[in-house]
Amino acid sequence: MMMTLLVLKSKIKNFYEKYYHVTRAVIKLIGMFFALLIVTGQLDYSDFLGQYWVLAAVSLLCAVTPDGVSAVCLLLLICGEVSGVSVLLGASVLLFIFVYILLYGRYEKRQYWIIFLIPVLTPVYIGYAIPIVAALLGSPVVLPALVVGVLLQYTIQGVNLYASALAGGAGSDEILSSLQYLIRYLMQNRMFYVTVLAFCLTFLCVYMIRRGKFKHGPQIAILVGAILLMSVQMLSNIALELEMNLVMLTVQVAVSMVIAYIIQFFHITLDYHGTKKLQFEDDEYYYYVTAVPKFKVAVVDRTVTRILPGEEEEDLDLKQELEKALREEEEEAQSDAR
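Residue numbering note: each chain is counted from 1, following its sequence as written. Only residues with pLDDT of 70 or above have their local features reported here, since the model is predicted, and side-chain atom pairs are shown and tallied only from 80 upward, although totals for entire chains, interfaces and linings are computed over all residues. The basis for every side-chain value is the complete set of non-hydrogen atoms in the structure, without hydrogens or water.

### Re the overall build of the protein chain
Runs of E in the DSSP output that reach at least two residues are strands. Runs of H or I that reach at least four are helices, and both are numbered from the N terminus. Check the secondary structure of the protein chain and you find 13 helices and two strands. Burial analysis of the protein chain (338 residues in total) assigns 34% to the buried set. Residue contacts are defined here by distance: any two heavy atoms, one from each residue, within 4.5 Å place the two residues in contact. In the protein chain, 67% of the contacts between residues at least 6 apart in sequence involve partners at least 24 apart. Note on areas: these come from Shrake-Rupley sampling with a 1.4 Å probe, and a residue is covered only by the protein chains present in the view. Total accessible area on the protein chain stands at roughly 21,800 Å², and carbon and sulfur atoms take up 65% of it. Buried, partly exposed and exposed residues are distinguished by accessible area as a fraction of the type maximum, computed with a 1.4 Å probe on protein chains only: under 20%, between the cut-offs, and over 50%, respectively.

Right, dumping it as structure tokens:
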């Protein structure tokens, strides 16, 4: 079974590398279309942005442009839909994400996807895979992105509740009423704090186990992280009386764990950012090898030792000595014959 999976992985990898540009464009096209479709399904307040041809055109644009354009398109779509309820809320969301990118965007580019994948994947019940996968592939630098992603998801829920209140005639005509409503919703929502806590603890747990020096660390990290995530949610449900659907929670965590295992299997986990240590042995010696990334070593500190060329020089010297000894013997034999 494992050999079959490894062969399948190799075939997929070779196909992806052979048709890299086309395959990547198709994947981005399909992924962005469904992501935009999920967002407009949650925030259906703009007749223009919700049209399929608009979503298809934006997805096509994202497929042939850098990844940063896709994140910008998702942000503008969310803010445009929120503006259909309140222009102030739409501008506030845009300003908040923009300030976050200016402050923390330079540290890790992949955190943009964490921010937007949480509101995209949570409605399809696989959002719990995000902290696990992020810990497998990233570093603690992306922890603020997890918090911002959860905040964005509950902001969307707050906007929907505010829109329902306006439709029922319970809204206020004051300029700041929408923003005040959203802030109160986030501050009083205990589930928001529980989700942030569960995501952060799960991320740290998976990351520390994954970085541990023992066999099958990533696989164990996924299992322990999923158990921790579900435990935090269940204990919070009991302590805070959140009335969560525990059966649905269990199914979501299990599916998220399977997704994390699939990603971990097909992902080539090559981490060049840390010092690597390797130990092996033969019948007579133990060998210890330490590999240090180049950017951590100054140019003047680098020492390159060439082993094979040295051995070739020694063999060449030995050969010359033998030839010299043979010539001397031949000369002595010729002189004796004379």
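### Digging into the layout of surface pockets
A cavity here means a set of points on a 1 Å grid, drawn over the protein atoms and nothing else, where a 1.4 Å probe fits but cannot get out; a pocket is an open set with protein on both sides within 12 Å along at least five of seven lines, and a residue lines either one if it has an atom within 4 Å of a point. Grid points are joined across faces, edges and corners, and a volume is the space filled by probe spheres set on the points. Considered as a void within the structure, the second largest pocket measures approximately 460 Å³ in volume. Thr122, Tyr128, Tyr154, Met191 and Gln252 are the residues nearest the centre of the second largest pocket, which is lined by 22 residues in total. Of all the secondary-structure elements, those providing two or more residues to the lining of the second largest pocket are helix H8 (143-167), helix H10 (190-210) and helix H12 (246-266). The biggest single contributor to the lining of the second largest pocket is H8, with four residues.

### Some thoughts on the packing of aromatic side chains
Each Phe, Tyr or Trp ring (for Trp, its six-membered ring) is paired with any other whose centre lies within 6.5 Å, and the angle between the two planes then decides the class: stacked below 30 degrees, edge-to-face above 60, tilted in between. Evaluation of the coordinates by the stated rule reveals 10 aromatic pairs. Relative to Trp53, the ring of Phe48 has its centre 5.9 Å away and its plane inclined at 80°; by these criteria the two rings are edge-to-face. Taking relative accessible area as the criterion, Trp53 reaches 55% and is therefore assigned exposed. With a centroid separation of 6.1 Å and an interplanar angle of 70°, the aromatic rings of Tyr128 and Phe199 are classed as edge-to-face. Pair noted here: Tyr128 is in the loop between helix H6 (111-121) and helix H7 (129-137) and Phe199 is in helix H10, with a separation of 71 residues, a long-range link. Here Tyr128 and Phe199 have matching classes, each one buried. Members of the aromatic cluster, connected to one another through ring pairs, are Tyr154, Phe192 and Tyr193.

### Section: helix H4 (residues 67-83)
Expected span of a helix: the number of residues minus one, times 1.5 Å. Here H4 spans 25 Å end to end across 17 residues, near enough to the 24 Å set by a 1.5 Å rise per residue. All of the buried residues in H4 are Ser70, Ala71, Cys73, Leu74, Leu75, Leu77, Ile78, Cys79, Glu81 and Val82. Check the buried side of H4 and you find it contacts helix H2 (20-42), helix H3 (52-63), helix H5 (87-104), H6 and H8.

### Quick notes on the environment of Leu61
Tracing the sequence through the fold places Leu61 in helix H3. With relative accessibility at 42%, the residue Leu61 sits in the partly exposed group. A C-alpha to C-alpha distance of 8.3 Å links Leu61 and Leu29, two positions 32 residues apart in sequence.

### Brief notes about the side chain of Lys28
Within the fold, Lys28 resides in helix H2. Excluding anything up to four places from it in sequence, Lys28 contacts Cys62, Ala63, Thr65, Pro66, Asp67 and Ser70.

### Points about the nonpolar core
Only buried residues count toward a nonpolar core, which is a set of Ala, Val, Leu, Ile, Met, Phe, Trp, Tyr and Cys residues joined through side-chain atoms within 4.5 Å. Ile114, Ile115, Phe116, Leu146 and Phe203 are the most contacted members of the largest nonpolar core, which has 70 residues in total. Phe203 has contacts with Pro131, Ala134, Ala135, Ser139, Pro140, Val142, Leu143 and Leu146, leaving out every residue within four places of it along the chain.

### Focus: unusual backbone geometry
We note that Glu241 has phi near 55°; this positive angle belongs to a residue other than glycine. For Glu241, a relative accessible area of 64% corresponds to the exposed category. Phi is positive for Glu243, which is not a glycine, with a value near 60°. Relative to the helices and strands, Glu243 resides in the loop between helix H11 (217-240) and H12. Residue classification places Glu243 among the exposed residues on the basis of a relative accessible area of 74%.

### Re the packing of H5 against helix H9 (residues 177-188)
Lines fitted to C-alpha atoms define the axes here, with helix axes fitted over just the stretch in contact, and angles between the N-to-C directions of these axes take values from 0 to 180 degrees. Two elements in contact, H5 and H9, have axes whose closest approach is 8 Å; the angle formed by their N-to-C orientations is 55°. As judged from the angle between their axes, H5 and H9 are oblique. The way H5 lies across H9 gives a crossing that is right-handed. Contact with H5, carried on its side by Leu88, Leu89 and Ser92, involves Ser178, Leu179 and Leu182 of H9 and no other residues of that element. For this classification, the nonpolar set comprises Ala, Val, Leu, Ile, Met, Phe, Trp, Tyr, Cys and Pro, the charged set comprises Asp, Glu, Lys and Arg, and every other residue, Gly included, is treated as polar. Residues of the contact of H5 with H9, tallied by class, amount to four nonpolar, two polar and no charged. We call two directions roughly parallel when the angle between them is under 35 degrees, roughly antiparallel when it is over 145, roughly perpendicular when it lies between 65 and 115, and oblique otherwise. Less than a right angle of anticlockwise turn of the near helix away from the far helix marks a crossing as left-handed, whereas a clockwise turn marks it as right-handed.

### Things to note about the pattern of salt bridges
What makes a salt bridge here is a side-chain nitrogen of Lys or Arg within 4 Å of a carboxyl oxygen of Asp or Glu, nothing more. This model, assessed by the stated rule, comprises two salt bridges. Ionic pairing is found between Arg24 and Asp67, a salt bridge with its closest N-O pair at 2.6 Å. A residue pair is termed long-range when its members are at least 10 positions apart, and Arg24 in helix H2 and Asp67 in helix H4 qualify at 43 residues. Arg24 gets classed as partly exposed once you look at its relative accessible area, which sits at 28%. Here Asp67 and Lys28 are joined by a salt bridge, their closest N and O atoms 3.1 Å apart. On the criterion of sequence distance, the pair formed by Asp67 in helix H4 and Lys28 in helix H2 is long-range, its members being 39 residues apart. According to the relative accessible area criterion, Lys28 is buried, its value standing at 14%. A single salt-bridge network, built from bridges that share partners, covers Arg24, Lys28 and Asp67.

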